[in-house]
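# Survey of secondary and tertiary structure
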Amino acid sequence: MFFAFGNLIYISVLLVNAIAILSEDRFLARVGWSNTVSEPAFGAGSAGDASIKNKLINLTTSVRTLMRIPLIVINSILIVYEVILG
Amino acid sequence: MQRTNYGHPAPATSPPLHHPVPQHVSTVPQLRSPPPPAPQHQTSGYGNPYQQQGPQGGGSAFGAYGGFMADPTAQMGFQVGQTALKHGTEYVEQNFNRYVNFSALKHYFNVSNSYVVNKLFLVLFPWRHKPWSRKQTIGPSGQEGWFLPPRDDLNSPDMYIPLMALVTYILLSTMMAGLQGAFNPELLGYTATYAFFVVGIEILLLKFGCYLLSISNDSQLLDLVAYSGYKFVGVIATILVSEISNGGKGTGGWIGWTIFSYTFLANALFLLRSLKYVLLPENSNDERGTMQTVARSQKSRRTQFLFLYSYPLQLLFMWILTRI
């Protein structure tokens, strides 16, 4: 039951990289996961009709927008660590 | 210095001379050290009675200590230490209260003996219990107040049992490893990290599910942590019974898996009934107009999510924890 945190960090960084790499217009729009703004439906149904798919799309878009620049930093640190320190 | 009397002649007796009194030890022994400065704000409730008894204790034991408290430098050092301790306590409290909500934590540890016994019984045998909703105090304006502490309400989640169960699990699994001859002191840290990691992953998944299904979570995060800590009770029972009955490597064979499946089912039922009120707001007729119309598909989806959370996820985690 030897549990390693280093492997966990690697796994999470790789997964976030995979989310951030996906191309917006070549892949996501084709599948249908693009970030189209829904029609402005004012009323009490705005919180209820956000389906699971819309929420997932929102989540991935926000992760991509937020983590682009920190991912550059983290990847550089990991590359330096792996190359220089073995 | 004496004022020289010009008008009146000096009396026959010699004027009182101002002898230089030797100063190297205490000239005026202080029988009682001055009272500490009155605390401005009563933030440290438990720190104050300790400090207010300090100087009186030092003063009343003056005769017993003899020359220890008589030294003014020692007393000054004592008071400086007292003030430093008071300032340090206030500083730590003010800074800690920003990160860890202490008053909320105190609510979770407000348990009694009968509550602990009944709750353990409930976790292991949950099918005979009838009312599962938590009791609330009625606020001053007739609206619902806050929940009752675990001392008064059997259905309220507490953090005492999960914390004790976690520590017992760590010690027990380390002891098992020691009985099998594979013990090293780092195993304690590994097990602790592993258990915390399991709890953390579970809370993350639960929060992710709540976000996806747009379940507005009224109850706090600590409630969910407490609920996810109750499975350690079943894990401990499984490890103990299977170790006793097997003799060797635990959680294998007939009895181990029987006990494991029973405690898993009991834990799942307990979670289902308890989290029903947290995750599925069915008919909450309150004055807040947030959760208006929960569509039928949403409701079935939420029920599915709760079911999914209670059974397969808990099965996975309990199996992970009993793998030793």
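Procedures and definitions
Residues numbered from 1 in each chain as written. Chains lettered and ligands numbered in written order. Predicted model: local features only at pLDDT ≥ 70, side-chain atom pairs only at ≥ 80, totals over all residues. Heavy atoms only, no water. Helix = DSSP H or I, 4+ residues; strand = E, 2+ residues; numbered from the N terminus. Buried < 20%, exposed > 50% of the residue type's maximum accessible area, 1.4 Å probe, protein only. Contact = heavy atoms within 4.5 Å. Areas by Shrake-Rupley, 256 points an atom, 1.4 Å probe, with all protein chains shown as cover. Salt bridge = Lys/Arg side-chain N within 4 Å of Asp/Glu carboxyl O. Core = buried A, V, L, I, M, F, W, Y, C linked by side-chain atoms within 4.5 Å. UniProt positions renumbered as here; feature names shortened; annotations may be inferred. pLDDT = per-residue confidence, 0-100.

### Description of the overall build of chain A
The helix and strand inventory of chain A stands at three helices and zero strands. Along chain A, helices and strands appear, N-terminal first, in the series α-α-α. When each of the 86 residues of chain A is scored for burial, the buried share is 13%. For chain A, contacts bridging at least 24 residues in sequence account for 70% of all contacts bridging at least 6. As displayed, chain A offers around 6600 Å² of accessible surface, 70% of which is attributable to carbon and sulfur atoms.

### Quick look at the pattern of salt bridges
Residues and elements named next belong to chain B. Inspection of the entire model under this criterion finds one salt bridge over all chains. Put simply, Lys 231 and Glu 202 hold a salt bridge, and the shortest N to O gap is 2.5 Å. Of this pair, Lys 231 sits in helix H9 (residues 231-246) while Glu 202 sits in helix H7 (residues 186-212); the two residues are 29 residues apart in sequence, bridging distant segments of the chain. Here Lys 231 and Glu 202 have matching classes, each one buried.

### Brief notes about the nonpolar core
Residues and elements named next belong to chain B. In terms of nonpolar packing, the biggest core is built from 42 residues, with Tyr 169, Tyr 230, Phe 232, Phe 270 and Leu 275 touching the most fellow members. Where this core is concerned, the elements lending two or more residues are helix H5 (113-124), helix H6 (160-179), H7, helix H8 (221-229), H9, helix H10 (253-279) and helix H11 (296-321). Beyond its immediate stretch of four places on either side in the chain, Tyr 169 contacts Thr 191, Ala 195, Phe 232, Val 235, Ile 236, Ile 239 and Leu 321.

### Let's talk about the UniProt feature "transmembrane region" (unreviewed entry) in chain B
All names here are of chain B. Mapped onto this structure's residue numbering, the UniProt feature "transmembrane region" (unreviewed entry) falls at residues 160-182, 194-214, 221-242, 254-272 and 305-322. Taken end to end, residues 160-182 has its terminal C-alpha atoms 30 Å apart, with 87% of it in helix and 0% in strand. The annotated region residues 221-242 carries 95% helix and 0% strand content, and the separation between its end C-alpha atoms amounts to 33 Å.

### Let's talk about the UniProt feature "transmembrane region" (unreviewed entry) in chain A
Within this structure's numbering, the places UniProt gives as "transmembrane region" (unreviewed entry) are residues 6-23 and 65-84 of chain A. When the span residues 6-23 of chain A is considered, its composition is 89% helix and 0% strand, and the gap between its end C-alpha atoms is 29 Å.

### Observations regarding the confidence of the model for chain B
All names here are of chain B. Put simply, chain B has an average pLDDT of 71, and 64% of its residues get 70 or more. Looking over chain B, one finds the lowest element-wise mean pLDDT in helix H1 (residues 48-60), namely 45, and the highest in H6, namely 87. Within the model, pLDDT remains below 50 along residues 38-63, and this stretch shows 24 contacts once partners closer than five positions in the same chain are excluded. Per the prediction output, this complex has pTM 0.65; the corresponding ipTM is 0.73.

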